[in-house]
Amino acid sequence: GAGVSQSPSNKVTEKGKDVELRCDPISGHTALYWYRQSLGQGLEFLIYFQGNSAPDKSGLPSDRFSAERTGGSVSTLTIQRTQQEDSAVYLCASSLDVSWRETQYFGPGTRLLVL
Amino acid sequence: GQQLNQSPQSMFIQEGEDVSMNCTSSSIFNTWLWYKQDPGEGPVLLIALYKAGELTSNGRLTAQFGITRKDSFLNISASIPSDVGIYFCAGLGGGTGNQFYFGTGTSLTVIP
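Position labels on residues start from 1 in each chain and follow its written sequence. In the order they appear in the text, chains get letters beginning with A and ligands get numbers beginning with 1. Restriction of local features to residues with pLDDT of at least 70 applies here, the model being predicted, together with a cutoff of 80 or more for giving and counting side-chain atom pairs; totals for whole chains, interfaces and linings are based on all residues. Hydrogens and water are ignored here; the side-chain numbers use all heavy atoms of the structure.

1. Structural notes on the sheet that holds strand β7 (residues 75-79) of chain A
Residues and elements named next belong to chain A. Convention followed: Pairing between two strands is assigned when DSSP locates at least 2 bridges connecting them. A run of H or I in DSSP becomes a helix once it reaches four residues, and a run of E becomes a strand once it reaches two; helices and strands are each numbered from the N terminus. Axes here mean lines fitted to C-alpha atoms, for a helix over just the part in contact, with angles spanning 0 to 180 degrees between N-to-C directions.
As summarised here, the arrangement of the four strands in space is β1-β3-β7-β6, forming an open sheet in which the pairing is antiparallel. Two strands close off the open sheet at either side, each with one partner strand: β1 (5-7) and β6 (65-69). Mean inter-strand twist for the sheet, computed between neighbouring axes without regard to direction, equals 15°. Direction of pairing for strand β3 (residues 19-24) relative to β7: antiparallel, over a ladder of five bridges. Its bridge partner being in β7, E20 is matched across the sheet by T78.

Here it is, written out as structure tokens:
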């Protein structure tokens, strides 16, 4: 079956512009996660959704970052007034449920470059 | 956010050699996971460990969940060129709720 898909695969934007990143989870997966991976760095957890709700937004780097999920499926991560330090690969993952026993399946990522 | 300490940062080995890498944390986790990431791709789960002391194998890979629940190691036996990539550990559960915390990664280069 289809895996997690993300779009766009690459995004180049100018400093100060807003960007919207999209994640399509595996069908039937109620949990969805966003991560950020900077060049040569490990993965940084940003936020997770159980259904449409995100119980904990403390992982978002700043108030310029927001995420939503509608219909329990597609999620968008929005970065307002982008800064150069926002350049990174943004990875999305989904799992059957928000449980530490459930395997997360990762998408290929969106590579964001802020000039 | 919290990150796990993973070592070594990078390894250059000859094909056929065994590899060992580990991950430590100041926090207790209920689950340890090991992922491999190829360039331009998302991480792929290799092994999941759910119980302290658990030793699990997946082909040439073997991983263990430390007794203290604060560490884990991954061994790769008889390395081959396609083992090249970045290996990440991840911990969750315990006091971290449903948040995943990832190690800083070990970059593996296999010289044919």
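2. Quick word on the nonpolar core
One broad rule of soluble globular proteins: the nonpolar side chains tend to lie buried together. To keep things clear, this is the line we draw: Side-chain atoms within 4.5 Å are what join buried Ala, Val, Leu, Ile, Met, Phe, Trp, Tyr and Cys residues into a set we call a nonpolar core. Under the scheme applied here, a residue whose accessible area is under 20% of the maximum for its type counts as buried, over 50% as exposed, and between as partly exposed, the area being computed with a 1.4 Å probe on protein chains only. Working rule for contacts: check all heavy atoms of both residues, and any pair within 4.5 Å makes them a contact.
Core analysis: the largest hydrophobic core is formed by 22 residues, its most contacted members being W32(B), W34(B), L74(B) and L108(B). Sequence-distant contacts of L108(B), that is, excluding residues within four places in its chain, are made with M11(B), I13(B), V19(B), I76(B), D83(B), V84(B), G85(B) and Y87(B). Core analysis: the second largest hydrophobic core is formed by 21 residues, W34(A), I79(A), C92(A) and V114(A) among them.

3. Considering the interface of chain B and chain A
Accessible area lost upon the coming together of the parts is a frequently used measure of interface size. We apply this condition: Two parts placed together each lose some accessible area under a 1.4 Å probe, and adding up what both lose gives the buried area. What counts as a salt bridge is simple: a side-chain nitrogen of Lys or Arg found within 4 Å of a carboxyl oxygen of Asp or Glu. Charged means Asp, Glu, Lys or Arg here, nonpolar means Ala, Val, Leu, Ile, Met, Phe, Trp, Tyr, Cys or Pro, and polar covers whatever is left, Gly included.
Counting residues at the interface gives 19 residues for chain B and 21 residues for chain A. Roughly 1,800 Å² of surface becomes buried between chain B and chain A when both sides are summed, with 55% attributable to carbon and sulfur atoms. Put simply, chain B and chain A have zero salt bridges between them. When residues of the side of chain B that touches chain A are traced back to their parent elements, those giving at least two are β4 (31-37) and β9 (85-92) of chain B. Looking at which element gives the most residues to the side of chain B that touches chain A, the answer is β4(B), with three residues. The residue makeup of the side of chain B that touches chain A, split by class, is eight nonpolar, 10 polar and one charged.

4. Digging into the packing of aromatic side chains
Formally: Any two of the Phe, Tyr and Trp rings considered here, Trp counted by its six-membered ring, make a pair once their centres fall within 6.5 Å; the pair's planes then place it as stacked at under 30 degrees, edge-to-face at over 60, or tilted in between.
For the structure on display, the rule yields 11 aromatic pairs over all chains. Centroid distance F65(A) to Y90(A): 6.5 Å. Interplanar angle 35°. Geometry classified as tilted. Of this pair, F65(A) sits in strand β6 while Y90(A) sits in strand β8 (residues 88-95), and the two are 25 residues apart along the sequence. You'll find F65(A) and Y90(A) in the same group, each marked buried. Here the aromatic rings of Y35(B) and F102(B) are separated by 5.7 Å at their centres, their planes lie at 45°, and the arrangement is tilted. One end of the pair, Y35(B), is in strand β4; the other, F102(B), is in strand β10 (residues 101-102), and 67 residues separate them in sequence. A relative accessible area of 0% means that Y35(B) is categorised as buried.

5. Re the state of the cysteines
Residues and elements named next belong to chain B. Our working rule: When two cysteine sulfur atoms lie within 2.5 Å, the pair is treated as a disulfide.
A complete count under the given rule lists two disulfides over all chains for this structure. Put simply, C23 and C89 are joined by a disulfide, and their sulfur atoms are 1.7 Å apart. Of this pair, C23 sits in strand β3 (residues 19-24) while C89 sits in strand β9; the two residues are 66 residues apart in sequence, bridging distant segments of the chain. Just as C23 is buried, C89 falls in that class too.

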